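Each chain, letter by letter, is given below.
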Amino acid sequence: MGFTDELEPLHDEVVTGIVEHPMVAGIGDGTLAPEPFRRWVRQDYVYLVEYNRVFALGAAKAPDLGRMGRFAELLHETLHTEMDLHRSYAAEFGISEAELEATDPSPTTRGYTDFLVRVAALGTFGDLVAALLPCMWGFNETAERLAADGLPDEERYAEWIRTYTSEEFADLADWCRELLDEVAAGAPERTRERYRDLFHTSARYEYRFWDAAYRDEGWGV
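**Observations regarding the overall build of the protein chain**
Working step 1: From N to C terminus, the protein chain includes ten helices and zero strands.
Working step 2: The secondary structure elements of the protein chain, listed N-terminal to C-terminal, are α-α-α-α-α-α-α-α-α-α.
Working step 3: In summary, the protein chain has a C-alpha radius of gyration of 17 Å against a globular reference of 17 Å for 221 residues, a match within 12%.
Working step 4: Here the protein chain holds 221 residues, and the buried ones make up 50% of them.
Working step 5: For the protein chain, contacts bridging at least 24 residues in sequence account for 82% of all contacts bridging at least 6.
Working step 6: As displayed, the protein chain offers around 10,300 Å² of accessible surface, 51% of which is attributable to carbon and sulfur atoms.
Working step 7: The distance from the centre of the 21 positive side-chain charges to the centre of the 43 negative ones in the protein chain is 7 Å.

**Let's talk about helix α9 (residues 167-184)**
Working step 1: Taking 1.5 Å of rise per residue, 18 residues should cover 26 Å, and α9 covers 26 Å from first to last C-alpha, within 8% of that figure.
Working step 2: Of the positions making up α9, those classed as buried are Phe169, Ala170, Leu172, Ala173, Trp175, Cys176, Arg177, Leu179, Leu180, Val183 and Ala184.
Working step 3: Of the surrounding elements, those touching the buried residues of α9 are α1 (3-20), α4 (65-91), α7 (125-148), α8 (155-165) and α10 (189-215).
Working step 4: Positive backbone phi, at 80°, marks glycine 186, one or two positions downstream of α9.

**With respect to a negative patch on the surface**
Working step 1: Judged by side-chain charge, Glu77, Glu167, Glu168, Asp171, Asp174 and Glu178 come together as a negatively charged surface patch.
Working step 2: No other element matches the five residues that α9 contributes to the negative patch.
Working step 3: For glutamate 77, the position within the fold is in helix α4.

**Notes on the nonpolar core**
Working step 1: In terms of nonpolar packing, the biggest core is built from 68 residues, with Phe37, Trp40 and Trp160 touching the most fellow members.
Working step 2: In contact with phenylalanine 37, other than residues within four places in its own chain, are Met23, Ile27, Leu32, Tyr89, Phe93, Tyr157 and Trp160.

**Here we look at the environment of tyrosine 89**
Working step 1: Inspection of the secondary structure puts tyrosine 89 in helix α4.
Working step 2: With a relative accessible area of 9%, tyrosine 89 lands in the buried category.
Working step 3: Separated by 71 residues in sequence, tyrosine 89 and tryptophan 160 have C-alpha atoms that sit 9.2 Å apart.
Working step 4: Beyond its immediate stretch of four places on either side in the chain, tyrosine 89 contacts Phe37, Val41, Arg156, Tyr157, Glu159 and Trp160.

**Quick notes on the pattern of salt bridges**
Working step 1: Counted under the stated rule, the structure contains 23 salt bridges.
Working step 2: Linking glutamate 35 and arginine 38 is a salt bridge whose minimum nitrogen-to-oxygen distance equals 3.0 Å. Placement of the pair is glutamate 35 and arginine 38 together in helix α3 (residues 34-61), with a separation of three residues, close to one helical turn.
Working step 3: With a relative accessible area of 27%, arginine 38 lands in the partly exposed category.
Working step 4: Residue aspartate 84 pairs with arginine 87 through a salt bridge whose shortest N-O separation is 2.5 Å. Of the two residues, aspartate 84 and arginine 87 both sit in helix α4, three residues apart, roughly one turn of that helix.
Working step 5: One connected set of salt bridges, linked through shared partners, spans Glu6, Glu189, Arg192, Glu193 and Arg196.

**Here's the deal with the packing of α1 against α7**
Working step 1: The N-to-C vectors of α1 and α7 enclose an angle of 55°; their axes lie 10 Å apart at closest approach. For the element pair α1 / α7, the angle class is oblique. Crossing hand, α1 versus α7: right-handed. Mapping the contact onto sequence places Thr4, Leu7, Glu8, His11, Asp12, Val15, Thr16, Ile18 and Val19 in α1 and Leu133, Trp137, Gly138, Glu141, Thr142, Arg145 and Leu146 in α7.
Working step 2: Class assignment of the residues belonging to the contact of α1 with α7 gives a composition of seven nonpolar, five polar and four charged.

**Topic: the packing of aromatic side chains**
Working step 1: All told, the structure shown has 26 aromatic pairs when counted by the stated rule.
Working step 2: Residues phenylalanine 37 and tyrosine 157 carry aromatic rings whose centres are separated by 5.1 Å and whose planes lie at 65° to one another, so their mutual orientation is edge-to-face. Pair noted here: phenylalanine 37 is in helix α3 and tyrosine 157 is in helix α8, with a separation of 120 residues, a long-range link. Across this residue pair, the class does not change: phenylalanine 37 and tyrosine 157 are buried.
Working step 3: For the pair tyrosine 164 and phenylalanine 169, a centre-to-centre distance of 4.8 Å together with 85° between the ring planes defines the contact as edge-to-face. Across the pair, phenylalanine 169 and tyrosine 164 agree in class, each one buried.
Working step 4: Put simply, the rings of Phe37, Trp40, Tyr89, Phe93, Phe139, Tyr157, Trp160, Tyr164, Phe169 and Trp210 touch in pairs and so form one group of aromatic residues.
Working step 5: Taking the ring centre of tryptophan 175 as reference, the NZ or CZ of arginine 70 above it sits at 5.0 Å.

Cut-offs used in this document
- Throughout this document, residue positions are counted from 1 along each chain, in the order its sequence is written.
- Only residues with pLDDT of at least 70 are given local features in this predicted model, and only at 80 or more are side-chain atom pairs given and counted; all residues enter the totals for whole chains, interfaces and linings.
- No hydrogens and no water enter the side-chain calculation; it runs on all heavy atoms of the structure.
- Under the DSSP-based scheme used, a helix requires at least four consecutive residues in state H or I and a strand at least two consecutive residues in state E, with every element numbered from the N terminus.
- Atoms counted for the radius of gyration: C-alpha only. Globule rule: 2.2 Å times residue count to the power 0.38.
- Working definition: with a 1.4 Å probe on protein chains only, accessible area under 20% of the residue-type maximum means buried, over 50% means exposed, and in between means partly exposed.
- Residue contacts are counted whenever heavy atoms from the two residues lie within 4.5 Å of one another.
- Here the open area of atoms and residues is found with the Shrake-Rupley method and a 1.4 Å probe, where only the protein chains shown may cover a residue.
- In this tally, Asp and Glu contribute negative charge and Lys and Arg positive charge; neither His nor the terminal groups of the chain are included.
- Every charge is mapped to an atom, namely NZ of Lys, CZ of Arg, CG of Asp or CD of Glu.
- Expected span, for any helix, means 1.5 Å times one less than how many residues it has.
- Each patch is built from salt-bridge-free residues with over 30% relative accessible area, joining like charges within 9 Å and nonpolar side chains (Val, Leu, Ile, Met, Phe, Trp, Tyr) within 5 Å.
- Any carboxyl oxygen of Asp or Glu that lies within 4 Å of a side-chain nitrogen of Lys or Arg is treated as forming a salt bridge with it.
- By nonpolar core we mean a set of buried residues, namely Ala, Val, Leu, Ile, Met, Phe, Trp, Tyr and Cys, connected to one another through side-chain atoms within 4.5 Å.
- Working convention: axes come from line fits to C-alpha atoms, limited for helices to the stretch in contact. Angles between N-to-C directions cover 0 to 180 degrees.
- Should an angle fall under 35 degrees it is taken as roughly parallel, and over 145 as roughly antiparallel, whereas 65 to 115 is taken as roughly perpendicular and any remaining angle as oblique.
- Two helices cross in a left-handed way if the nearer one is turned anticlockwise from the farther one by less than a right angle. They cross in a right-handed way if the turn is clockwise.
- Each residue gets one of three labels, nonpolar for Ala, Val, Leu, Ile, Met, Phe, Trp, Tyr, Cys and Pro, charged for Asp, Glu, Lys and Arg, and polar for the others, Gly among them.
- Whether two aromatic rings pair depends on their centres lying within 6.5 Å, for rings of Phe, Tyr and Trp, where Trp uses its six-membered ring; planes under 30 degrees apart make the pair stacked, over 60 edge-to-face, and the rest tilted.
- Note on geometry: a ring has a charge over it if NZ (lysine) or CZ (arginine) is within 6 Å of the ring centre and within 35 degrees of the ring normal.

Right, dumping it as structure tokens:
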């Protein structure tokens, strides 16, 4: 049994919470009002900027050329393809590129991205992979569960579900899962426990990220 099989209960608990959250449930049935999703789209753009830094650090810390190349590819694809697609998708909700660029991170976005970049910069390659996995695995699993109940009539939400149930994204989630299994194999229990804690923290931030957009989280002062 691989290490990520041991993480399944943590993963399932968090994804279940995400799917049942009114923000995500509303995407699934098409009833979510546009404004919370607009907030999510803007915060996700801020997240993607920092996500690129994690990929860059992954390439720098990779222990071999194959993994270095894969992280370099992910960095290039995210910078030059995914972010362009995100801008196009945002435009469907009336969000301009200037608005995306001017978005201030919410407290949760700041906390999550600071956590990811700190782990990537100061931790081991395995730490980085453990913290990175919940985003890929969680989005794919969330979209798969929503798709199982049928796509919503709201095309923009249906497009979101199709994006994260695509073969390409599912393969990416599988790759990251396999990568964590590889780096955890033979690792001391204390190291595996650290990976488990990092994974769980990121997974919880995934839930909080949805919740923050739904609540229109602010700093208060």
